[in-house]
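Secondary and tertiary structure notes
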Amino acid sequence: MLRRGARGLLRLFGWRSSFVWPPEPKGLIVVYPHTSNWDFPASLLAKWAIGIDFRWIGKHTLFETPLGRWFARWG
């Protein structure tokens, strides 16, 4: 359900997700440059649409906001 909804929202905003599995069991994905504040929500939607489990890092002050618990739960 989450995966289908995330794909639908990405499609609604004119985005599409494409992912090729890395040849190794573990990998590192670097997303840059951050061109707007929409990069984070778009990345979360792509994560959910692809259906992979990954972790992300952010500045410590991000987790001190009222949304900090949600950010931590999302990876």
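Let us look at the structure shown here. In this text, all values refer to a predicted model and were calculated from it rather than measured experimentally.

Cut-offs applied
- Residues numbered from 1 in each chain as written.
- Predicted model: local features only at pLDDT ≥ 70, side-chain atom pairs only at ≥ 80, totals over all residues.
- Heavy atoms only, no water.
- Helix = DSSP H or I, 4+ residues; strand = E, 2+ residues; numbered from the N terminus.
- Buried < 20%, exposed > 50% of the residue type's maximum accessible area, 1.4 Å probe, protein only.
- Contact = heavy atoms within 4.5 Å.
- Areas by Shrake-Rupley, 256 points an atom, 1.4 Å probe, with all protein chains shown as cover.
- 1 Å grid on protein atoms, 1.4 Å probe; cavity = no way out; pocket = protein on both sides within 12 Å on 5 of 7 lines; lining within 4 Å.
- Points joined across faces, edges and corners; volume = space filled by probe spheres on them.
- Nonpolar A, V, L, I, M, F, W, Y, C, P; charged D, E, K, R; others polar.
- Patch = residues over 30% accessible without salt bridge, like charges linked within 9 Å, V, L, I, M, F, W, Y side chains within 5 Å.
- Salt bridge = Lys/Arg side-chain N within 4 Å of Asp/Glu carboxyl O.

Looking at the overall build of the protein chain
- Summing up its helical and strand segments, the protein chain has three helices and zero strands in all.
- Secondary structure elements of the protein chain occur, N-terminal to C-terminal, as α-α-α.
- With the C-alpha coordinates of the protein chain rotated into their principal frame, the extents come out at 35 × 30 × 25 Å.
- Residues classed as buried in the protein chain amount to 19% of the 75 residues present.
- Taking the contacts inside the protein chain whose residues are at least 6 apart along the sequence as the reference set, 60% of them involve residues at least 24 apart.
- Roughly 6,900 Å² of accessible area belongs to the protein chain as shown, and the carbon and sulfur atoms make up 62% of that amount.

Focus on the layout of surface pockets
- When its volume is computed, the second largest pocket comes out at roughly 170 Å³.
- Surrounding the second largest pocket, L10, F13, W15, S36, W38, D39, P41, A42 and L45 form its lining.
- For the lining of the second largest pocket, the class distribution of residues is seven nonpolar, one polar and one charged.

A closer look at a nonpolar patch on the surface
- Where nonpolar side chains cluster on the molecular surface, the patch consists of L9, L12, F13 and W15 and spans about 490 Å² of accessible area.
- Positionally, L9 belongs in helix α1 (residues 2–12).

Comments concerning the environment of L10
- Here L10 lies in helix α1.
- Judged by its relative accessible area of 4%, L10 falls in the buried class.
- For the pair L10 and K26, spaced 16 residues apart in the sequence, the C-alpha separation amounts to 26 Å.
- Apart from the residues within four sequence positions on either side, L10 is in contact with W15, S17, A42, L45, A46 and A49.

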